[in-house]
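Now for the letters of each chain:
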Amino acid sequence: MMNQSHYHCPKCQKSLTKDKKVVLHFRREEGDDWNEIFLNPEPGNYNFYTVPDTSFENGEHVLFCCPKCDADLTSKKDPKFVELKMKVNDFIFFDALFSSVFGDKRTYIITEEDIDVYGDASYEDIPFPDMSIGEVPY
Ligand SMILES: [Zn+2]
């Protein structure tokens, strides 16, 4: 596994990494304000903190946007996931998806030919039906 993961906005491509954390803006569904959230860059590590401190409810859907360009980071593959670009090198980016439902600890990294699962995610329940893995068309 990559020792230091860097994430970028899929829209503006700017780095979202600051002080070894992934910085995003988030809003609770019933809230008006966008606030800052600092996520651990290690896939499957759900330690985070917010400014100001927020206590989320289990099962609560949280909205995320890019702090640089305000782009909605909701994945087009599944609206309950956030999608970022994970930088491997200057030429290769993977799609990094994590659940935006609090308490749902599923992270998927979509590489060139595979999906890596982290946290509570498993290969049996990959929620992106348009991603066919290991299927070779004959
Ligand atoms: Zn952006």
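Up top you'll find the structure we're talking about.
1. What about the overall build of the protein chain?
In step 1: Of the regular secondary structure elements, the protein chain holds zero helices and ten strands.
In step 2: In sequence order, the protein chain lays out its α and β elements as β-β-β-β-β-β-β-β-β-β.

2. Concerning unusual backbone geometry
In step 1: Residues Val51 and Pro52 are joined by a peptide bond in cis, for which omega reads -5°.
In step 2: With respect to the secondary-structure elements, Pro52 resides in the loop between strand 5 (48-51) and strand 6 (62-65).
In step 3: One non-glycine residue, Lys20, lies in the positive phi region at around 65°.
In step 4: With respect to the element layout, Lys20 can be found in the loop between strand 2 (17-18) and strand 3 (21-28).
In step 5: A residue is classified by how many C-beta atoms lie within 10 Å of it, and Lys20, with 9 of them, is exposed.
In step 6: The phi dihedral of Asp70 falls on the positive side, at around 65°, and the residue is not glycine.
In step 7: Here Asp70 lies in the loop between strand 6 and strand 7 (81-87).

3. A short note on the pairing of strand 9 (residues 106-110)
In step 1: Counting buried positions along strand 9 gives four out of five residues, so the element sits mostly inside the fold.
In step 2: The sheet contact formed by strand 8 (residues 93-99) and strand 9 spans four bridges and is antiparallel. Looking at the pairing, Ala96 lines up with Ile109 of strand 9.
In step 3: Between strand 8 and strand 9, which pair antiparallel one after the other, the connecting turn spans six residues, and Gly103 there sits at a positive phi close to 95°.
In step 4: Sheet analysis places strand 9 next to strand 10 (residues 115-119), joined by five bridges and oriented antiparallel. Bridging across to strand 10, Ile109 finds its partner in Asp116.

4. Some words on the environment of Ala121
In step 1: Counting through the fold element by element, Ala121 comes out in the segment after strand 10.
In step 2: Spatially, the C-alpha atom of Ala121 lies 6.2 Å from that of Thr107, the residues being 14 residues apart in sequence.
In step 3: Ignoring anything within four residues of it in the chain, the contact list for Ala121 reads Arg106, Thr107 and Tyr108.

5. Considerations on the nonpolar core
In step 1: Counting residues in hydrophobic clusters, the biggest one holds 22 residues, and the most contacted among them are Leu24, Val82, Leu84 and Ala96.
In step 2: Secondary structure elements with two or more residues in this core: strand 3, strand 6, strand 7, strand 8 and strand 9.
In step 3: Leaving out residues up to four positions away in the same chain, Val82 has contacts with Phe64, Leu73, Thr74, Ser75, Leu97, Phe98 and Ser100.

Definitions and cut-offs
Residues numbered from 1 in each chain as written. Predicted model: local features only at pLDDT ≥ 70, side-chain atom pairs only at ≥ 80, totals over all residues. Helix = DSSP H or I, 4+ residues; strand = E, 2+ residues; numbered from the N terminus. Buried ≥ 20, exposed ≤ 12 C-beta atoms within 10 Å, placed from the backbone. Pairing = 2+ DSSP bridges. Contact = placed C-beta atoms within 7 Å. Core = buried A, V, L, I, M, F, W, Y, C linked by C-beta atoms within 7 Å.

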